[in-house]
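# Examination of the molecular architecture
What follows is the residue order along each chain.
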Amino acid sequence: MAQSQQDNMAPDAIAAMVKQVLASMNQGGTQSTAPSSAPAQSSGHLDAQKDYPLATKRPDLVKSASGLQLKDITLEKVVAGQIKFEDIKIRPESLEYQAQIAESAGRPHLAANMRRAAELTRVPDARVLEIYNSLRPYRCTKQEMLDIAAELENQYQAKICAALVREAAEVYEKAGRLKTA
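Position labels on residues start from 1 in each chain and follow its written sequence. pLDDT decides what is reported in this predicted model: residues at 70 or higher carry local features, side-chain atom pairs at 80 or more are listed and counted, and totals for whole chains, interfaces and linings draw on all residues regardless. Here the side-chain values reflect all heavy atoms present in the structure, with hydrogen atoms and water set aside.

## Things to note about the confidence of the model for the protein chain
Basically, it comes down to this: Confidence of the predictor at the level of single residues is given by pLDDT, which spans 0 to 100. We call two residues contacting when some pair of their heavy atoms lies within 4.5 Å.
When pLDDT is averaged along the protein chain, the result is 83, and 76% of the positions lie at 70 or above. When the criterion is pLDDT under 50, residues 1-7 qualifies, and its contacts beyond four places in sequence or with other chains add up to 4 contacts. A low-confidence stretch, residues 24-44 stays under pLDDT 50, and its non-local contacts, those more than four residues away or across chains, total 26 contacts.

## Comments concerning the nonpolar core
Put simply, the test is: Residues grouped as a nonpolar core are buried Ala, Val, Leu, Ile, Met, Phe, Trp, Tyr and Cys residues, joined through side-chain atoms within 4.5 Å. Relative accessibility under 20% of the residue-type maximum defines a buried residue, over 50% an exposed one, and the middle range a partly exposed one, all with a 1.4 Å probe and only protein chains included. Strands here mean DSSP runs of E at least two residues long; helices mean DSSP runs of H or I at least four residues long; both are numbered from the N terminus.
Counting 15 residues, the largest nonpolar core has Met145, Ile148, Leu152 and Val165 as its most contacted members. Secondary structure elements with two or more residues in this core: helix H9 (142-156) and helix H10 (159-175). If we ignore the near neighbours within four places in the chain, the residues touching isoleucine 148 are Arg127, Ile131, Ser134, Leu135, Cys140 and Val165. Core analysis: the next-biggest nonpolar cluster, separate from the first, contains 9 residues, Leu54, Leu61, Val62 and Ile101 among them.

## Looking at the pattern of salt bridges
Note the cut-off: For this analysis, a salt bridge means a side-chain nitrogen from Lys or Arg found within 4 Å of a carboxyl oxygen belonging to Asp or Glu.
Within the structure shown, the criterion is met by 12 salt bridges. When the shortest N-O distance is used, the salt bridge between aspartate 60 and arginine 58 registers 3.3 Å. Using a relative accessible area of 28% as the deciding quantity, one classes aspartate 60 as partly exposed. In this structure, aspartate 125 engages lysine 89 in a salt bridge whose closest nitrogen and oxygen atoms are separated by 3.8 Å. Placement of aspartate 125 in helix H8 (residues 125-134) and of lysine 89 in the loop between helix H5 (75-79) and helix H6 (92-104) is noted, with a sequence separation of 36 residues between them. Since its relative accessible area comes to 25%, lysine 89 is described here as partly exposed. Among the ionic contacts, a cluster of salt bridges with common partners joins Asp51, Arg58 and Asp60.

Rendered as structure tokens:
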């Protein structure tokens, strides 16, 4: 999100959002009192039955983009201005963990969405919005879509997203939804 929008957010609005997030995390399940097992790797080891929701059953795995642990993000710190926007952004590893959980629950499409989202964490927010708008019907030529795919793959290592954009270019071409040059 743009820095100017972040600066314009009222502390009351931020506090309300944090309260809502914390409340939803606490509703996700019973907190485990036993110490967690060794940290999971990104190779599909998390299980929906024992690890979901991560915030309560595996808080050791949940960190912000700046590296803060979930327990370090408090309403008091938000209101005091000690928590920055980067402190509440998600890490790609957290999305990968969610993908592993989705796979273990038999939800491969959700897992694929999580992995695409993980790739997009490497793309600046403003560029994600530009790409989103470009991919609407009649906004790009096929070559422009292929250029976006190449940018995603080469500049941001977003190979899954790049493949999706290439597929969309083919579909748009067949459906007559491309911008004419």
